[in-house]
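Fold and contact review
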There are 2 protein chains.
Amino acid sequence: MAKKAGWTTPATESLRASTLGPIADFDPESTPGFDGDRDLGAELLTERGEVLADLQELLFANGRSGDHRSVLLVLQGMDTAGKGGIVRHVGGLVDPQGLSIKGFGKPTPEELEHDFLWRIRKAVPPAGRIGIFDRSHYEDVLPVRVHNLVPQSEWEGRYATINEFEDDLVATGTTIVKCALVVSKEEQRTRLAERLERPDKYWKFNPADIDERPFWDDYLAAYQAIFDRCDSDAAPWYVIPANKKWFSRLAICELLISALQGLDLEWPKADFDIEAQKKRLAESV
Amino acid sequence: MAKKAGWTTPATESLRASTLGPIADFDPESTPGFDGDRDLGAELLTERGEVLADLQELLFANGRSGDHRSVLLVLQGMDTAGKGGIVRHVGGLVDPQGLSIKGFGKPTPEELEHDFLWRIRKAVPPAGRIGIFDRSHYEDVLPVRVHNLVPQSEWEGRYATINEFEDDLVATGTTIVKCALVVSKEEQRTRLAERLERPDKYWKFNPADIDERPFWDDYLAAYQAIFDRCDSDAAPWYVIPANKKWFSRLAICELLISALQGLDLEWPKADFDIEAQKKRLAESV
């Protein structure tokens, strides 16, 4: 029997933005570093999901025991790229109590009265949690840049501000994993069309999504800029091909596992005398 | 082949506090209304979990479309009764984005400066969400009553305050499902002992849990009081036998399904012209 295929290169290497070349040439149908089909992907996701769940519990246990570390998954992507599906199908692999999920839509009037990181800082994950940002501070250099919602002089400065913010986060114990889900323009058309065909999907459709399609190349340029300027070993950007949903889920599960393994966690030691407590319990009514 | 067993009486009836008689006589090994074993329970949980997930998505979709309703699951129970397991294994059945989970520990100094409902009000689920309270405002008439942490004259008044609070919540669109997980005193000893045997469980052990065991009957009396005074059709209390974890999970899944079905939700109608949008999409680059 032939050797079972799978990851030929770790996802942390095969999907790292800085190694992938121009985003404009990227193939959203591809599965970089992975040699296998949908069935194998689904099987592996179940298997690796258990590993992720165990690591999440370990992180949570340490958070309860005074360790201040956390993990933050930042999700960006064009409409229909599947950010919500990642929250559901990758986030859904672990104890929901250990998650801290925050979606960032259009800023509210109150949020606009503050600097762009104000709402982000309030939402960083507490100790022991896996935070998930469904959109993030990168919105402020993606649609904001594409449409010049603030003057270029202002958004130009944000890349450096973001890098400083993320450096601070890392320094205070948050491991950052940034994933850009990349869907093809044709696949987006198919997915939007599906939302218009199925009454159980109407609620996900927003006419404004069509308005953005003519700006596709500008968005790719804006993504290229964040990869060029905000991809560092401390807070890496990964490019996730998203035409095949099974692959994007498996890939992000692997990236989270890798981030959690990097924390080298162990079960917290007992902060009580184990034998004395056993005796007390045995003697208790 | 014999007819497959299962629920003989709906969980909403068989587990309703007011129909079950004194809590002191309740058998935590029992499975009221359910005729089946662990294997059937596990099989049903998977099957019914999908129903729950679909209903949760429907609730979420409506929340996104202007419906203000929500569901709130209140979990109470002695230590080791399995509240965390319910969050993980029942909450884990649905999209984590649709959950709003809040645990209530010992009140902080800031919380103690406010009335006992202050921290509760801040945590009620937003529109479209399933909220889960891991402990709740009932702590203020359970340990607080057992140990007279406030004078009796004060905790006596809280039952009425709680009823008013819950009536308001229901009136503003929150469906409340209250579950008391009841474990036997011997089973608690077994579970505490396990936490003292396994290094991966030490972090869950708290020596104070043993301190509470001599007050077991006082706790049962305090539970009886909340069932007598705060179980209403609008905000019902259910008693969940918790010695068999597979049963408590299945039972609470059923209670949530029933609560969600009671909302009679449909997929939100499109708030745009479907045909016009299809045309726009087809014509878009």
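Because the structure is a prediction, the values reported are computed rather than measured.

Analysis parameters
- Sequence order as written defines residue numbering, which begins from 1 separately in each chain.
- Naming scheme: in the order in which they are written, chains are lettered from A and ligands are numbered from 1.
- Local features are withheld for residues below a pLDDT of 70 in this predicted model, meaning they are given only at 70 or higher, and side-chain atom pairs are given and counted only at 80 or more; totals for whole chains, interfaces and linings count all residues.
- Where side-chain values are given, they derive from all heavy atoms of the structure, hydrogens and water being excluded.
- By the criteria applied, helices consist of DSSP H or I runs no shorter than four residues and strands consist of E runs no shorter than two, each listed in order from the N terminus.
- To get the radius of gyration, use the C-alpha atoms; to get the globule rule, take the number of residues to the power 0.38 and multiply by 2.2 Å.
- Under the scheme applied here, a residue whose accessible area is under 20% of the maximum for its type counts as buried, over 50% as exposed, and between as partly exposed, the area being computed with a 1.4 Å probe on protein chains only.
- Every residue pair with non-hydrogen atoms within 4.5 Å of one another is taken to be in contact.
- Here the Shrake-Rupley method, with its probe set to 1.4 Å, supplies the accessible areas, and only the displayed protein chains count as covering residues.
- Charge convention: Lys and Arg are scored as positive, Asp and Glu as negative, and His as well as the terminal groups of each chain are ignored.
- All charge positions are set by atom: Lys at NZ, Arg at CZ, Asp at CG, Glu at CD.
- In this description, strands pair whenever DSSP reports at least two bridges between them.
- The angle between two axes is taken between their N-to-C directions and runs from 0 to 180 degrees, where each axis is a line fitted to C-alpha atoms and a helix contributes only its stretch in contact.
- Throughout this description, a polar contact denotes any pair of N or O atoms lying within 3.5 Å of each other; where both atoms belong to protein, one of them has to be capable of donating a hydrogen while the other can accept it, and for residues adjacent in sequence the pair is counted only when both atoms sit in side chains.
- Each copy is superposed on the other by least squares, with the fit set by C-alpha atoms of residues at a pLDDT of at least 70 in both.
- We define a salt bridge as a side-chain nitrogen of Lys or Arg found within 4 Å of a carboxyl oxygen belonging to Asp or Glu.
- UniProt positions are given in the numbering used here, feature names are shortened, and annotations may be inferred rather than shown by experiment.

Each helix and strand counted, chain A has 12 helices and 5 strands in total. The C-alpha atoms of chain A give a radius of gyration of 21 Å, which matches the 19 Å a tight globule of 285 residues would have. For chain A, the C-alpha atoms occupy an extent of roughly 75 × 60 × 40 Å along the three principal directions. Classification of the 285 residues of chain A by burial places 53% in the buried group. Long-range pairs, those at least 24 residues apart, make up 81% of the contacts in chain A between residues at least 6 apart in sequence. Roughly 12900 Å² of accessible area belongs to chain A as shown, and the carbon and sulfur atoms make up 48% of that amount. Of the side-chain charges in chain A, 35 are positive and 48 negative, and the distance between the mean point of each set is 4 Å.

Looking now at the sheet that holds strand β1 (residues 70-77) of chain B. Strands in a sheet are paired, the pairing made by backbone hydrogen bonds, and the direction either parallel or antiparallel. Residues and elements named next belong to chain B. Judged by pairing direction, the sheet is parallel, and its 5 strands sit side by side in the order β2-β3-β1-β4-β5 without closing on themselves. The open sheet is flanked by β2 (99-103) and β5 (237-241), the only strands paired with a single partner. Each neighbouring strand pair of the sheet contributes to a mean axis angle of 20°, computed without reference to strand direction. With 5 bridges joining them, strand β4 (residues 174-182) and β5 adopt parallel strand pairing. Counted as the bridge partner of L181 is I240 from β5. Contacts from helix α7 (residues 152-171) reach β1 and β4 within the one sheet, and its direction differs from that of β4 by about 135°. Lying on the sheet, helix α11 (residues 245-261) is in contact with β1, β3 (130-134), β4 and β5; it crosses β4 at an angle near 165°.

Attention shifts here to the side chain of E166 of chain A. Residue and element names in this part refer to chain A. Relative to the elements of secondary structure, E166 occurs in helix α7 (residues 152-171). With relative accessibility at 2%, the residue E166 sits in the buried group. Within the structure, the side chain of E166 is placed 2.7 Å from the side chain of K178, a separation counted as a polar contact. Among all residues touching E166, those that are not within four sequence positions of it are H137, Y138, I176, K178 and A235.

Below, the discussion takes up the relation of the copies chain B and chain A. If you rotate chain B by 180° and push it 0.0 Å along the axis, it lands on chain A with an RMSD of 0.0 Å. Such a combination of turn and shift is consistent with a two-fold rotation axis. When the interface residues of chain B are mapped onto chain A, 100% of them again fall at the interface, so both copies present the same face.

Okay, the environment of D209 of chain A next. Residue and element names in this part refer to chain A. You can see D209 is positioned in helix α9 (residues 207-211). We classify D209 as buried; its relative accessible area is 8%. Beyond its immediate chain neighbours, meaning those up to four positions away, D209 contacts D79, L192, R195 and K204.

Attention now goes to the pattern of salt bridges. Residues and elements named next belong to chain A. The full count for this structure, using the stated rule, is 42 salt bridges over all chains. The closest approach of N and O atoms between R229 and E156, which form a salt bridge, is 3.1 Å. With R229 in helix α10 (residues 216-230) and E156 in helix α7, the pair connects residues that are 73 residues apart, well separated along the chain. One network of salt bridges, in which partners are shared, links R16, D231 and D233.

With 5 of 5 residues buried, strand β5 (residues 237-241) of chain A is to be regarded as a mostly interior element. Burial of β5 of chain A is two-sided: the residues W237, V239 and P241 of chain A facing one way and the residues Y238 and I240 of chain A facing the other way are all buried.

This paragraph deals with the pairing of strand β3 (residues 130-134) of chain A. All names here are of chain A. Of all 5 residues that make up β3, 5 are buried, and the element is covered over most of its length. Burial along β3 is two-sided: the face carrying I130, I132 and D134 and the face carrying G131 and F133 are both buried. Pairing between strand β1 (residues 70-77) and β3: 5 bridges, direction parallel. Paired with V71 across the bridge in β3 is I130. Judged from the 5 bridges that link them, strand β2 (residues 99-103) and β3 form a sheet pairing that is parallel. Within β3, the position partnered with G103 by the bridge is D134.

Our next topic: the UniProt feature "domain: Polyphosphate kinase-2-related" (unreviewed entry) in chain A. The residues that UniProt annotates with the feature "domain: Polyphosphate kinase-2-related" (unreviewed entry) are residues 66-261 of chain A. Annotation note: span residues 66-261 of chain A, helix share 45%, strand share 16%, distance between end C-alpha atoms 19 Å.

All names here are of chain A. Strand order across the open sheet formed by 5 strands is β2-β3-β1-β4-β5, with parallel pairing between neighbours. The strands lining the two open edges of the sheet, one partner per strand, are β2 and β5. Strand after strand, the sheet turns through a mean of 20° between neighbouring axes, direction not considered. Of the strands in this sheet, β1, β3, β4 (174-182) and β5 touch helix α11 (residues 245-261), which is tilted by about 165° from β4.

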